[in-house]
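# Descriptive analysis of the structure
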Amino acid sequence: MSTTDRVPGSHAGAGASEPVRASDVLANGSVPAHVACVMDGNGRWASARGLPRTDGHAAGEAALLDAVEGALELGISWLTMYAFSTENWRRPADEVRYLMGFNESLLARRRDELHDKGVRIRFAGRRDWRVPRRVLKRMDESIALTEHNRRMTLTMAFNYGGRAEIVDAVRRLVADGVPASKVDERAIRSRLYFPDQPDPDLVVRTSGEHRISNFLLWELAYSELLFTDVLWPDFRREHLFAAVVEFQRRQRRYGGVT
Ligand code: IPE
Ligand code: IPE
Ligand code: MG
């Protein structure tokens, strides 16, 4: 049993207590500045219902929007969501095609609403030839529309890989002509996709998998990791609230002593 299974609100059913509310979380302690989520389990959610995997991705949209809403209620400034990894190209062509179209249409349908809520949308990942041009266009429109918003920054990790991000940073170091003696953590960090962004305080992975799957490898060095069995399409803001309550119980030491 993972820790979150015992956190109120993380599970419906026998013995579950009342769902956690935003006001409870805020009264309980400080809220993480940056939360990152691995939105996993869409395919299993669909298979369990006898539906095609793609229906699971479609059902994940409501979870994403509710998580954003919950993060806004808590005043979380940075939210990073893993939407498509550099390894997800290995999936069947039909599923990849669906995911590209789905992400494009999600932006088209939701960007105004996110903009109205004061959300700045950004994308972490490679803009390589495999990403269809119309998807890139929609991404650029969403960035331009929301660039001055500061209530929350929502970073969609799309065609994102933690190793690719480090490789890209090293390429920039070399292109900038940085000598070996000047290569340090600062030099690398300043060449990551978003150097202005604090490292995630809390990472939530759904679907019962206990792995990182190439997400934010550099940035996760001291993040608190939280794993829940909830499948992404079932995830709602109450699960986020419960995760933050669990985060508030953790003691971060960064290698030191308290
Ligand atoms: C997460 O759900 C969405 C993406 C990785 C794009 P999955 O599609 O990985 O669902 P499972 O893990 O197969 O259930
Ligand atoms: C991680 O999920 C990537 C995203 C959620 C976008 P995967 O389903 O691709 O990860 P693995 O294959 O289970 O490690
Ligand atoms: Mg998966």
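Everything below is about the structure printed above this text.
Described below are features of the structure shown in this document.

Reading guide: rules and limits
Residues numbered from 1 in each chain as written. Chains lettered and ligands numbered in written order. Predicted model: local features only at pLDDT ≥ 70, side-chain atom pairs only at ≥ 80, totals over all residues. Heavy atoms only, no water. Axes fitted to C-alpha atoms, helices over the stretch in contact; angles between N-to-C directions. Helix = DSSP H or I, 4+ residues; strand = E, 2+ residues; numbered from the N terminus. Parallel < 35°, antiparallel > 145°, perpendicular 65-115°, else oblique. Left-handed = near helix turned anticlockwise from the far one by under 90°. Contact = heavy atoms within 4.5 Å. Nonpolar A, V, L, I, M, F, W, Y, C, P; charged D, E, K, R; others polar. Buried < 20%, exposed > 50% of the residue type's maximum accessible area, 1.4 Å probe, protein only. Phe/Tyr/Trp six-rings, centres within 6.5 Å; stacked < 30°, edge-to-face > 60°. Lys NZ or Arg CZ within 6 Å of the ring centre and 35° of its normal. Near = heavy atom within 4 Å. Polar contact = N/O pair within 3.5 Å; in protein donor to acceptor, adjacent residues only side chain to side chain. Areas by Shrake-Rupley, 256 points an atom, 1.4 Å probe, with all protein chains shown as cover. Expected span 1.5 Å × (residues − 1). Pairing = 2+ DSSP bridges.

The next point concerns the packing of helix H4 (residues 93-116) against helix H5 (residues 133-146). Following both chains from N to C, one finds H4 and H5 inclined at 15°, their axes separated by 9 Å at the closest point. Taken together, the axis directions place H4 and H5 in an arrangement best described as roughly parallel. Crossing of H4 against H5: the hand is left-handed. Residue-level inspection shows Met100, Gly101, Glu104, Leu107, Ala108, Arg111, Asp112 and His115 of H4 in contact with H5, the latter providing Arg134, Val135, Arg138, Met139, Glu141, Ser142, Leu145 and Thr146. When the residues that make up the contact of H4 with H5 are grouped by side-chain class, the tally is 6 nonpolar, 4 polar and 6 charged.

Tracing the backbone through its elements, the reader meets Ser85 in strand S2 (residues 78-85). Take Ser85: its relative accessible area is 7%, and that puts it in the buried class. The residues touching Ser85, leaving out its near neighbours within four places in the chain, are Asn159 and Tyr160.

This next bit is on the packing of aromatic side chains. As enumerated under the stated definition, the model contains 9 aromatic pairs in all. Taking the centre distance of 5.9 Å and the plane angle of 10° together, the rings of Tyr98 and Phe102 count as stacked. Of the two residues, Tyr98 and Phe102 are both situated in helix H4; the distance of 4 residues between them amounts to about one turn of the helix. On the numbers, 4.8 Å between centres and 15° between planes, the contact of Trp232 with Phe235 is stacked. On the accessibility criterion, Phe235 (1% relative accessible area) is buried. Here a set of aromatic residues connected by ring pairs shows up, and it is made of Tyr82, Tyr160, Tyr193 and Phe215. Taking the ring centre of Phe194 as reference, the NZ or CZ of Arg122 above it sits at 3.9 Å. Of note, Arg130 hangs over the ring of Trp129, and the distance from its end group to the ring centre comes to 5.9 Å.

The next thing to look at is the site of ligand 1. Taken together, 13 residues lie near ligand 1, and Asp40, Gly43, Arg44, Arg53 and Arg91 sit nearest. Measuring from an oxygen atom of ligand 1, one finds a backbone N or O atom of Arg44 at 2.7 Å. Note that an oxygen atom of ligand 1 is positioned 2.8 Å from one of the side-chain N or O atoms of Arg53. Coverage of ligand 1 by the protein chains reaches 87% of its 380 Å² of free accessible surface. Looking at the shell around ligand 1, the elements that each hand over two or more residues are helix H2 (42-47), helix H3 (53-74) and H4. A total of 3 residues in the shell around ligand 1 trace back to one element, the largest contributor, which is H2. Taken together, the residues of the shell around ligand 1 break down into 3 nonpolar, 5 polar and 5 charged.

We now examine helix H8 (residues 237-249). Given a rise of 1.5 Å per residue, 13 residues ought to cover 18 Å, and the 19 Å separating the end C-alpha atoms of H8 matches this to within 8%. By the criterion of burial, H8 is predominantly enclosed, with 11 of the 13 residues buried. When we look at burial in H8, the residues that qualify are Arg237, His239, Leu240, Phe241, Ala242, Ala243, Val244, Val245, Glu246, Phe247 and Gln248. Where H8 is buried, its residues touch helix H1 (22-28), strand S1 (34-38), H3, strand S5 (202-205) and strand S6 (224-227).

A separate point is the sheet that holds strand S4 (residues 152-160). What the 6 strands build is an open sheet, ordered S3-S4-S2-S1-S5-S6; its pairing is parallel. The two strands at the open ends of the sheet, each matched to only one other strand, are strand S3 (119-124) and S6. Neighbour-to-neighbour, the strand axes of the sheet open up by a mean angle of 20°, direction not taken into account. For S1 and S5, the ladder comprises 4 bridges, and the chain directions are parallel. Following the sheet pairing, Val38 is matched in S5 by Arg205. Lying on the sheet, H4 is in contact with S2, S3 and S4; it crosses S3 at an angle near 155°. Seen against the sheet, H8 touches S1, S5 and S6 and runs at an angle of roughly 135° to S5.

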